[in-house]
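The lines below spell out each chain.
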Amino acid sequence: MKSSEIVANYLDALTDQVVYSHASDIDTVAYVLGIDHNYLSSQVRLHIPWYSKEELQEANGVVVIRQVLAQLRNELSDFSVNYKVHRALNGIDTLAGNAQLIKNNGEMLIADSSKKNRIVEFCNIPPAFGLEIQKSMHYIHHARVDTNYHFGLTLNEYVAPLCYASFSDNDRQYLANALLNALPQGCSRPRKITVMTRAFGYNPLPKNMMSTLFSCSAKKLKNDGYDYIITALNPYLGFKGSIFWGASYFPFATSPMVYIYDKYGKYLNRRNSTSGNVINQRYKTPPILWLVHPLNRRDLNIWENTKDYVIYNVSQEEYAKG
């Protein structure tokens, strides 16, 4: 089964129907806020589980969408200002149309319709700025203070990245167990696992840029002794995983995804909900999908030649234990 077909198993028909039916409303609010409509659509989906199935079904969820968009207009009021500042710092708006990343004699360049190639560098992003991207730009809006790698691709005359990825050591036993159970025959046992916790690109991101960032990051992590990268993909939020399939990431597990909120319906990340005063989702949602990228060439060949992946389903009990 193809990876894209596996992703299709973790969509939610009712949520998709409600979101797609009100796409014009989402686009309008995105325009007013000055943000990408896909980003806002993911934010809408993140808040939908606060509501019940009956509320989503009533009048095609019109009340739900209106309430969520009204709430997000307040929550994201500062987003467009921050977004513009970041774009000024990374120079993405200086690129002309049809931009793509190319390689020439070992050098990375962005070629666009201006015919002026721009040098691109893979670099370590200062942790303070990386955490700011996690907090203010990424859809989760929560900084992972346990991040030990902040990577990015930058134009050499600018200080901030056009795209960014962060990595933390795996601290979830259920993920280590899941990977061990999903390994194809002949693969080496995991010794040192890193988790890609965030990936973010500023639109319109030049073609090939995110996959190149993944490749450069993988080389550095392999040199530092890691043998597997894992990362989460949440189809419920509208992510199809296209950027991962060309970068040799493979599905290996599912795990429960619990959406929790404050009393006003604002989404809270599991790691930043230290208070016990939280409200669990009312609408039942699919699990999330976990992907793996083997860093050893032999292991990678085995995964690439595996026709049917073993998908290990993490139980609620395993997930709760962490």
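Basis of the calculations
- Residues numbered from 1 in each chain as written.
- Predicted model: local features only at pLDDT ≥ 70, side-chain atom pairs only at ≥ 80, totals over all residues.
- Heavy atoms only, no water.
- Helix = DSSP H or I, 4+ residues; strand = E, 2+ residues; numbered from the N terminus.
- Rg over C-alpha atoms; globule rule 2.2 N^0.38 Å.
- Buried < 20%, exposed > 50% of the residue type's maximum accessible area, 1.4 Å probe, protein only.
- Contact = heavy atoms within 4.5 Å.
- Areas by Shrake-Rupley, 256 points an atom, 1.4 Å probe, with all protein chains shown as cover.
- Lys, Arg positive; Asp, Glu negative; His and termini not counted.
- Charge placed at Lys NZ, Arg CZ, Asp CG, Glu CD.
- Salt bridge = Lys/Arg side-chain N within 4 Å of Asp/Glu carboxyl O.
- Pairing = 2+ DSSP bridges.
- Phe/Tyr/Trp six-rings, centres within 6.5 Å; stacked < 30°, edge-to-face > 60°.
- Lys NZ or Arg CZ within 6 Å of the ring centre and 35° of its normal.
- Core = buried A, V, L, I, M, F, W, Y, C linked by side-chain atoms within 4.5 Å.

## Considering the overall build of the protein chain
Point 1. The helix and strand inventory of the protein chain stands at 13 helices and 13 strands.
Point 2. Against the compact-globule benchmark of 20 Å for 322 residues, the protein chain has a radius of gyration of 20 Å, which places it among compact chains.
Point 3. Over its C-alpha atoms, taken along the principal directions, the protein chain stretches across nearly 60 × 50 × 35 Å.
Point 4. Looking at the 322 residues of the protein chain, the share that counts as buried comes to 52%.
Point 5. Taking the intrachain contacts of the protein chain between residues at least 6 apart in sequence as the baseline, contacts between residues at least 24 apart amount to 75%.
Point 6. Carbon and sulfur atoms make up 50% of the accessible area of the protein chain, which amounts to about 15,400 Å² in all.
Point 7. Taken together, the 33 basic and 28 acidic charged side chains of the protein chain have centroids lying 3 Å from each other.

## Section: the pattern of salt bridges
Point 1. One pass over the structure, following the stated rule, counts 10 salt bridges.
Point 2. In this structure, Arg 87 engages Asp 93 in a salt bridge whose closest nitrogen and oxygen atoms are separated by 2.7 Å.
Point 3. Looking at Arg 87, the relative accessible area reads 11%, which means it is buried.
Point 4. Judged by its relative accessible area of 53%, Asp 93 is exposed.
Point 5. Taking the shortest distance from any N to any O, the salt bridge between Asp 299 and Arg 298 comes out at 3.8 Å.

## A few points about the sheet that holds strand β11 (residues 279–280)
Point 1. Strand order across the open sheet formed by three strands is β10-β9-β11, with antiparallel pairing between neighbours. Looking along the sheet, the strands with just one partner apiece sit at the ends: β10 (267–268) and β11.

## Quick notes on the sheet that holds strand β8 (residues 250–255)
By definition, the strands of a sheet pair up through backbone hydrogen bonds, in either a parallel or an antiparallel sense.
Point 1. Ordered by their spatial adjacency, 10 strands build an open sheet running β1-β2-β3-β4-β5-β6-β7-β12-β8-β13, and the pairing between neighbours is mixed. A strand with exactly one partner marks an edge of an open sheet, and here the two such strands are β1 (100–104) and β13 (312–313).
Point 2. As paired elements, β1 and strand β2 (residues 107–111) share five bridges and run antiparallel to each other. Looking at β2, one finds that Gln 100 is bridged to Ala 111.

## Brief notes about the packing of aromatic side chains
Point 1. Evaluated as defined, the whole model comprises 20 aromatic pairs.
Point 2. Arranged with centres 5.8 Å apart and planes meeting at 55°, the rings of Phe 151 and Phe 167 form a pair that is tilted. Placement of Phe 151 in strand β4 (residues 149–155) and of Phe 167 in strand β5 (residues 163–169) is noted, with a sequence separation of 16 residues between them. Taken individually, Phe 151 and Phe 167 each receive the classification buried, so the pair is uniform in this respect.
Point 3. Consider the rings of Phe 214 and Phe 244, whose centres lie 5.5 Å apart with planes at 5°: the pair is stacked. Of the two residues, Phe 214 sits in helix α10 (residues 209–223) while Phe 244 sits in helix α11 (residues 242–245), which places them 30 residues apart along the sequence.
Point 4. Its relative accessible area of 3% is what places Phe 214 among the buried residues.
Point 5. Aromatic rings pair up to connect Tyr 39, Phe 79, Tyr 83, Phe 200 and Tyr 202 into one cluster.
Point 6. Between Lys 192 and the ring centre of Tyr 226, over which it is positioned, the NZ or CZ distance is 4.4 Å.

## Comments concerning the nonpolar core
Point 1. Counting 97 residues, the largest nonpolar core has Leu 40, Val 44, Ile 230, Phe 252 and Trp 303 as the members making the most contacts within it.
Point 2. Ranked by residues supplied to this core, first place goes to α10 with seven residues.
Point 3. Not counting residues up to four positions away in its chain, the partners in contact with Trp 303 are Ala 182, Leu 183, Pro 184, Cys 187, Tyr 228, Phe 250, Pro 251, Phe 252, Val 292, Pro 294 and Tyr 309.

Any functional reading would require information that these geometric values do not contain.
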